[in-house]
Amino acid sequence: MREVFSVVVLVLVATAGCSNVRSTEMPASVLEQPSEEAQLQLIRSGRGQFLHCNSCHVLKADTPPPRFGDKLGPHLEGIVGRPAASVEGFEYTETLRALDLVWDAQTLDRWLENPQAMVPAMCEPFTGMANADHRRALVAYLKNPGD
């Protein structure tokens, strides 16, 4: 078994220079696949970014309102993949209901960057997150808040 492995390694090393494919030409999807540990770090970072949200939103649907009044926005549990304006019992603006959008990672990123550009007069206290890495971390956390 060891001899077979050695032969395979030698063949791979010998033919490596013959290929037209260079490591920098790997498909982006392969290069961008984060390791499990990197993904967990991203989620942990996103938990910190949630501070931008928690003055108006709770994460879990069954979380009681804060002692000093109600939150201003709907809960964010399951937001990634959820149609906008779909939490029962929350009064959404007509503008948001008319958008007919789903909160996927790309839509959330765009909204987090500049919410008023997507929905004028919505969430006026929050002016957006300029840092793309912070937005990506927050979306990762919203996808996996339990990790």
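See the structure above.
As the structure is a computational prediction, the values presented were derived from the model and not from experiment. For every chain, the first residue of its written sequence is number 1, and the numbers climb from 1 along that sequence. Local features in this predicted model are restricted to residues of pLDDT 70 or higher, and side-chain atom pairs are both shown and tallied only at a pLDDT of 80 or more, whereas totals for entire chains, interfaces and linings draw on every residue. In computing side-chain properties, one takes all heavy atoms of the structure into account and sets aside hydrogens as well as water.

A. Here's a closer look at helix H3 (residues 36–49). With 14 residues, H3 extends 20 Å from end C-alpha to end C-alpha; this agrees with the ideal 20 Å at 1.5 Å per step. Each residue is assigned to one of three classes by its accessible area relative to the maximum for its type, calculated with a 1.4 Å probe on protein chains only: buried under 20%, partly exposed between the two thresholds, exposed over 50%. Counting from the N terminus, the helices are DSSP H or I runs at least four residues long and the strands are E runs at least two residues long. Buried residues of H3: Leu42, Ile43, Gly46 and Gln49, and no others. Each buried residue of H3 lies within a common arc of 105° when the element is viewed along its axis, so the set occupies one face. Buried-residue contacts for H3 involve helix H7 (132–143). Between the first and last residue of a helix there are one fewer steps than residues, each counted as 1.5 Å, and that sum is the expected span. Throughout, the arc means that of the directions going from the helix axis to the C-beta atoms. In what follows, a contact means two residues having at least one pair of non-hydrogen atoms within 4.5 Å.

B. Expanded view of the layout of surface pockets. The computed volume of the largest pocket comes to approximately 620 Å³. Around the largest pocket, the lining comprises 29 residues; the ones closest to its centre are His57, Pro74, Trp111, Met122 and Cys123. The greatest single-element share of the lining of the largest pocket, amounting to 3 residues, is contributed by helix H5 (residues 105–113). For this scheme, ten residues count as nonpolar: Ala, Val, Leu, Ile, Met, Phe, Trp, Tyr, Cys and Pro. Four count as charged, namely Asp, Glu, Lys and Arg, and the remainder, Gly too, count as polar. Of the residues contributing to the lining of the largest pocket, the split by class is 21 nonpolar, 5 polar and 3 charged. Put simply, the grid is 1 Å and covers the protein atoms alone, a cavity is a trapped set of points that fit a 1.4 Å probe, a pocket is an open set with protein on both sides within 12 Å along at least five of seven lines, and lining residues have an atom within 4 Å of a point. Grid points are joined across faces, edges and corners, and a volume is the space filled by probe spheres set on the points.

C. Here's a closer look at the packing of aromatic side chains. Pairing of aromatic rings covers Phe, Tyr and Trp, the last through its six-membered ring, and needs centres within 6.5 Å; plane angles under 30 degrees mean stacked, over 60 mean edge-to-face, and all others mean tilted. Counting across every chain of the model gives 4 aromatic pairs. Consider the rings of Trp103 and Trp111, whose centres lie 6.2 Å apart with planes at 75°: the pair is edge-to-face. Neither Trp103 nor Trp111 differs from the other in exposure class; each is buried. Joined through ring pairs, the aromatic side chains of Trp103, Trp111 and Phe126 make up one cluster.

D. Region of the structure containing the pattern of salt bridges. The term salt bridge refers to a pairing of a side-chain nitrogen on Lys or Arg with a carboxyl oxygen on Asp or Glu at a separation within 4 Å. In this structure the tally under the stated criterion is 3 salt bridges. Glu37 is paired through a salt bridge with Arg44; the nearest N and O atoms lie 3.5 Å apart. Among the ionic pairs, Glu94 bridges to Arg97, the shortest N-O distance being 2.6 Å. Here Glu94 and its partner Arg97 are both found in helix H4 (residues 94–99), 3 residues apart, which amounts to about one turn of the helix. Of the residues examined, Glu94 reaches a relative accessible area of 55% and is grouped as exposed. What makes Arg97 partly exposed here is its relative accessible area of 42%.

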